[in-house]
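Notes for the structure review
Residues per chain are reported as follows:
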Amino acid sequence: MARRTFEVYRGTAADGKLENYDVEVEPGMVVLDAIFRIQAGESPDLAVRWNCKAGKCGSCGCEINGRPKLSCMTRISDYPDGESITVTPMKAFPIIKDLVTDVSQNYRANKKIPQFRPRPKDAEDGWRMYQFEVDKAQEMRKCIECFLCQDVCHVLRSHGKHEEFAGPAYMVRTAAFSMNPIDTVDRIEFLKETGGIGYCNITKCCTEVCPEHITITDNAIIPLKERVVDRYYDPIKALVRLVRRGGKNG
Amino acid sequence: MESSAAVHERGLGKTLRRDRWWVPPLSVALGLSLCGAYATWAVLQGNYYFAEQFHYLSPFYSPCITASCPEDIRLFGIGWWPLSPAILMMGVILGFRGTCYYYRKAYYRAYFMDPPACAVGEPWGEGYKGETVFPMIIQNLHRYFLYASVVVWLFLTYDTVMAFFPHGQFGMGLGSLVLLVNLFLLSGYLFGCHSLRHIIGGNVDCYSCAFGGKARHGAWKRASWFNKRHMGFAWFSLVFVCLTDLYIRLVSMGTITDFRLF
Ligand code: SF4
Ligand code: SF4
Ligand code: FES
Ligand code: FES
């Protein structure tokens, strides 16, 4: 049976280091399995957050060899034999202990989004819509809130703009609401002001790491940016609106 | 690595990634710089952009709107412009590509290192404002460059047709095919534009409620096909437009002769 060295972050935000663990690995094992073995052996106090071990709860986000990943979906065999593997907490969030970070800023960002409000029901039993028109919103509904995109986004990770920019995951959520055919809420002002969509410089790292393969930048953020342009940066549209309003008033 | 520094460190190039993350930004910087340098040089030349015999016009010089343009292709004939006619049109092309959502990603990463690659540290800190303030806020005008580019694209289409009908008669050479491929690639790039995709149907949420909703959904779907391949079209069309200019330049200089098929 093969052995692998794992370099795992141990400690808090203020004080910690990468600790080496020599782990016995078998074919098919994922990185989270190795973490379990470390817990079962040398370090029962190694802190890690996980839940489903099936890539669906979004709890086990961390960084493996410096890349944001779900540890339960990352096979050890993906990394070259004989090389050590580093496992570190998500860099964009404050470390609580070892691999566990404080992700509460994401929940705060979520709360700022104007909630979904559907139009009145089309019939007694609900609404009528076609599959082709819900496709756009459905792509966004795949989000498992793992925060890997929030972690990799340089606006949050390198520039620390957690208060100014809601982050890619919440652009996805806004798109899920706004692109829903029966939604009635206007979120454009939110996007520009509180959501801070202008902070995103569309460098697409969020799209690269999303385990649900949501095309975050192209299908959520850029279309939402275009909506903001419609309202705030398009002089012709502004003129048309002005004329219409003038017509109505006059 | 033994210290916590590996986890907490910030700054250019700081990362725990072990792959060659610097290869893509470096390649993009090289590619953009090379194409940019050639295009600038070609645009400043102001000569050898039209092979009159076969009616091949370099895409950098289309439409040719100053008085110095050869009679066959002259439009407006603007007299007060003393420099190369291509410089005027370059504003449109540069504006379109420069504010394109794909190229923004490419040069923000490759030139501005903001960020150089995913999960890699960058030189900038908390002063970052993204596209919320001047000058980057100008990126929001992309759709205006799109409108102008559609007009230029119509001229390119006309030029390509003319390359098959020099002096009113059908004729075809390698140059005609070069111009055709160039048009195909530029069209692919244009049709995949995010702003276009938004305007023709992306801005609709309830297609069954909107006027012409089904048709707009169809148009949006088609634009989405090109949009998925926008990066590819951006690169191929950029390189090929330079090659097209080079080919026409060499033909009009007499350095090479056009291979005639018909
Ligand atoms: S595309 Fe925008 S939201 Fe996504 S990682 Fe880059 S800056 Fe952040
Ligand atoms: S958008 Fe993707 S990466 Fe971001 S939180 Fe949702 S599933 Fe995770
Ligand atoms: S444990 Fe649920 S996604 Fe990894
Ligand atoms: S987004 Fe690339 S051309 Fe418009």
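Here the residue index of a chain counts from 1 through its sequence in written order. As they are written, the chains are lettered A onward and the ligands numbered 1 onward, keeping that order. For a predicted model such as this one, the threshold for reporting local features is a pLDDT of at least 70, and the threshold for listing and counting side-chain atom pairs is 80 or more; totals across whole chains, interfaces and linings nevertheless cover every residue. Heavy atoms throughout the structure, all of them, feed into the side-chain values; hydrogens and water do not.

Here the focus is the interface of chain B and chain A. In this analysis, two residues are considered to be in contact whenever any of their non-hydrogen atoms come within 4.5 Å of each other. Chain B puts 55 residues into the contact, and the matching count from chain A is 59 residues. Taking both partners together, chain B and chain A bury about 4900 Å²; carbon and sulfur atoms supply 51% of that area. For the chain B face of the interface with chain A, the top three residues by lost area are R18, Y128 and D205 of chain B, together amounting to 14%. Counted as salt bridges are all cases of a side-chain nitrogen of Lys or Arg within 4 Å of a carboxyl oxygen of Asp or Glu. Connecting chain B to chain A are nine salt bridges. The salt bridge involving E131 of chain B is made with K225 of chain A; its shortest N-O contact spans 2.7 Å. For this analysis, a polar contact is any N or O atom pair within 3.5 Å, provided that within protein one partner can donate a hydrogen and the other can accept it, and provided that sequence-adjacent residues contribute only side-chain to side-chain pairs. On inspection of chain B and its partner chain A, the count reaches 36 residue pairs in polar contact (both at pLDDT 80 or more). Helix and strand definitions follow DSSP, with helices as H or I runs of at least four residues and strands as E runs of at least two, each counted in order from the N terminus. The set of elements that each furnish at least two residues to the side of chain B that touches chain A consists of α1 (5–8), α4 (101–110), α5 (142–162), α7 (194–202) and α8 (213–228) of chain B. Ranked by residues supplied to the side of chain B that touches chain A, first place goes to α7 of chain B with six residues. Partitioned by chemical class, the residues of the side of chain B that touches chain A number 21 nonpolar, 16 polar and 18 charged. Here the quantity called buried area is the accessible surface, traced with a 1.4 Å probe, that two parts lose on coming together, added over both. Three residue categories are used. Nonpolar comprises Ala, Val, Leu, Ile, Met, Phe, Trp, Tyr, Cys and Pro, charged comprises Asp, Glu, Lys and Arg, and polar comprises the others, including Gly.

Bringing the domain arrangement of chain A into the picture now. Residues and elements named next belong to chain A. Note that the domain bounds reflect an automated or database-derived domain assignment. Domain annotation of chain A identifies domain 1 (2–101) and domain 2 (104–235). Computed from C-alpha atoms alone, the centre-to-centre distance between domain 1 and domain 2 is 30 Å. Taken together, the contact between domain 1 and domain 2 spans 15 residues of the former and 15 residues of the latter. Buried surface at the junction of domain 1 and domain 2, summed over both partners, amounts to about 1200 Å²; 59% is from carbon and sulfur atoms. Summed over the three residues of domain 1 that lose the most area to domain 2, namely P68, A92 and F93, the buried surface amounts to 43% of that side. Linking domain 1 with domain 2 are two salt bridges, by the criterion used here. The partner of R157 in a salt bridge is E63, with the nearest N and O atoms 2.8 Å apart.

A few words on the site of ligand 2. The environment of ligand 2 is made up of C143, I144, E145, C146, F147, C149, A169, C210, P211, I214 and I216 of chain A. Residue classes in the shell around ligand 2 are distributed as 10 nonpolar, no polar and one charged. Summary of the distance rule: residues count as near a molecule or strand when at least one heavy atom falls within 4 Å of that molecule or strand.

Between two cysteines, a covalent bond joining their sulfur atoms is known as a disulfide. By disulfide we mean two sulfur atoms from cysteines, separated by a distance within 2.5 Å. Applying the stated criterion across every chain, the model contains three disulfides over all chains. Sulfur-sulfur distance for the disulfide between C205 of chain A and C118 of chain B comes to 2.2 Å. Around the S-S axis, the bridge from C205 of chain A to C118 of chain B shows a dihedral of about -90° and counts as left-handed. With one member in each of two chains, C205 of chain A in helix α8 (residues 205–209) and C118 of chain B in the loop between α4 and α5 form a pair that bridges those chains. Only protein chains enter the accessibility calculation, which uses a 1.4 Å probe; a residue whose area is less than 20% of its type maximum is buried, one above 50% is exposed, and one in between is partly exposed. You can call C205 of chain A buried: its relative accessible area is 4%. Assessed through its relative accessible area of 4%, C118 of chain B is described here as buried. In this model C206 of chain B forms its disulfide with C209 of chain B; the gap between the sulfur atoms is 1.8 Å. With the S-S bond torsion at 60°, the cross-link from C206 of chain B to C209 of chain B turns out right-handed. Between C62 of chain A, a free cysteine, and C60 of chain A, which holds the nearest cysteine sulfur, the sulfur-to-sulfur gap is 6.7 Å. Given a relative accessible area of 3%, C62 of chain A falls into the buried group.

With that settled, consider the sheet that holds strand β3 (residues 61–64) of chain A. All names here are of chain A. At least two bridges found by DSSP between two strands are what make those strands a pair. Taken together, five strands build an open sheet; the order of strands is β2-β1-β5-β3-β4 and the sheet is mixed. Either end of the sheet is taken by a strand with one partner, and the two such strands are β2 (16–25) and β4 (67–70). Direction aside, the axes of adjacent strands within the sheet are offset by 35° on average. Here three bridges tie strand β1 (residues 2–11) to strand β5 (residues 85–88), and the two strands are oriented parallel to one another. Paired with E7 across the two strands is T86, which belongs to β5. For helices, the fitted axis covers only the stretch in contact; all axes are lines through C-alpha atoms, and the angles between them, taken along N-to-C directions, range from 0 to 180 degrees. Together, β1, β2, β3 and β5 form the strand contacts of helix α1 (residues 31–40), whose direction differs from that of β2 by roughly 100°.

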